[in-house]
Amino acid sequence: MNDYSPPPVLSAGPTEYTTRGQRQLALAARGWFAATAIGQLLFVAFILLFYYFHILTGNYAAWDARPLITGYVAGDAPGNRQFAIHVLAAAVMTLAGLLQLVPAVRRNWPSLHRWSGRTFLVMAALLALGGLWLVWARGSYLTLTGAIAISLDGFLILGFGAMAWLRARQRDFMAHRRWALRTFMVASGVWFMRIGYIAWGMATGGAGIKSGMSGPFDLIWGFATYLLPLAILELFLRAERSRPRAQTAMAVALWLCATVTLAGSIGAWVMMWSPYI
Ligand code: HEM
């Protein structure tokens, strides 16, 4: 079916690794996942405490307490409804996606893995289609380049998600794992965008960021927000099958990613999310 020889790092147990490089890579992958889980749980906490709270209490206009592109518009029932569906689905998808990457769930509760996997893929598709509607039908974008960038992310979510589902149906689980991880990366694109802005802002003081998201950093980050994590994932998938030196180098890179992820996530919580709840 394929030429995957060593145990996949994110699904095998720590005792299944034989070489030092594999153990280093496995540990770094877990470190990156722990940082990502913390950051995504903070994002979910914000969505629940801000958007769920205002939707459940019927106070849609309160969304605009945040600097949104369009947000709530009085009299625009279809647009407001789509926005509400979008943010409600965002929390469910993010939680289901995290659950998919926990090795113990896959090993011990395969039926939970299957159901949360279906939930993740359906919600990701809903977010991508609804997001495309918000951009092109409602007109929620600041620059045309930004609109194209987020739309490409939407198409990648749909394409990669379909491949992950197809490979699982075909019981080609190694290929399924690769496509599922790619789907996780592109579906996390909007989260990477937020924590990336904060991490970049903290590191450079906001170089290349302009109002209306029209600065050089804004335009590049619009695409890199999902293409960079995808590229790092591809390097990781190759490193799994590579020589120990490549595995050690990849492990170092992943620890660096984990550090930036954690710093960006904590910064996003402090500056972007918690002030509104
Ligand atoms: C798949 C994962 C996605 C998640 C988790 C997600 C999450 C969110 C959240 C939480 C918001 C509220 C804005 C905020 O408070 O920051 C939002 C708004 C929005 N999203 Fe998404 N989204 C996703 C995908 C997409 C895609 C693929 C597109 C476009 C193709 C998109 C387009 C939009 C638009 C246009 C808004 C409205 C912005 C505004 O009016 O200010 N989203 N999204």
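Our structure is the block above this text.
*Asks:* Give me the lowdown on helix H1 (residues 20-56), citing residues and values where you can.
*Replies:* The terminal C-alpha atoms of H1, which comprises 37 residues, lie 51 Å apart, in line with the 54 Å expected from a rise of 1.5 Å per residue. The largest bend in H1 amounts to roughly 30° and is located at Leu-48.

*Asks:* I'd like a description of the site of the ligand, backed by residues and values.
*Replies:* Residues in close proximity to the ligand total 26 residues, the closest being Tyr-51, Arg-66, Ile-69, His-86 and Arg-194. Ile-69 is positioned with one of its backbone polar atoms (N or O) 2.4 Å from an oxygen atom of the ligand. Between the ligand and Thr-70, the relevant distance is 2.8 Å, taken from an oxygen atom to a main-chain nitrogen or oxygen of the residue. Every element with two or more residues in the shell around the ligand is listed here: H1, helix H2 (77-100), helix H4 (110-136), helix H5 (144-169) and helix H7 (189-204). At six residues, H4 tops the list of elements feeding residues into the shell around the ligand. Among the residues forming the shell around the ligand, the class breakdown is 18 nonpolar, six polar and two charged.

*Asks:* Residue-level account of the nonpolar core, with values.
*Replies:* In this structure, Trp-32, Ile-47, Tyr-51, Phe-236 and Trp-273 are the most contacted members of the largest nonpolar core, which totals 57 residues. Element by element, the count of residues in this core is highest for H1, at 15 residues. Other than its neighbours up to four places away in sequence, Tyr-51 contacts Phe-46, Trp-63, Arg-66, Leu-68, Phe-83 and Val-87. Counting five residues, the second largest nonpolar core, distinct from the first, contains Tyr-197, Phe-217, Trp-221 and Ala-224.

*Asks:* If you had to explain a nonpolar patch on the surface to someone new, which residues and values would you point to?
*Replies:* On the surface, a cluster of nonpolar side chains totalling about 530 Å² of accessible area is made up of Ile-38, Met-202, Leu-262, Ile-266, Val-270 and Met-271. Relative to the helices and strands, Leu-262 is located in helix H9 (residues 244-273). Judged by its relative accessible area of 32%, Leu-262 is partly exposed.

Each value, and the rule that gives it
Residues numbered from 1 in each chain as written. Predicted model: local features only at pLDDT ≥ 70, side-chain atom pairs only at ≥ 80, totals over all residues. Heavy atoms only, no water. Helix = DSSP H or I, 4+ residues; strand = E, 2+ residues; numbered from the N terminus. Expected span 1.5 Å × (residues − 1). Bend = angle between axes of the 7 residues up to and from the residue. Near = heavy atom within 4 Å. Polar contact = N/O pair within 3.5 Å; in protein donor to acceptor, adjacent residues only side chain to side chain. Nonpolar A, V, L, I, M, F, W, Y, C, P; charged D, E, K, R; others polar. Core = buried A, V, L, I, M, F, W, Y, C linked by side-chain atoms within 4.5 Å. Buried < 20%, exposed > 50% of the residue type's maximum accessible area, 1.4 Å probe, protein only. Contact = heavy atoms within 4.5 Å. Patch = residues over 30% accessible without salt bridge, like charges linked within 9 Å, V, L, I, M, F, W, Y side chains within 5 Å. Areas by Shrake-Rupley, 256 points an atom, 1.4 Å probe, with all protein chains shown as cover. Salt bridge = Lys/Arg side-chain N within 4 Å of Asp/Glu carboxyl O.

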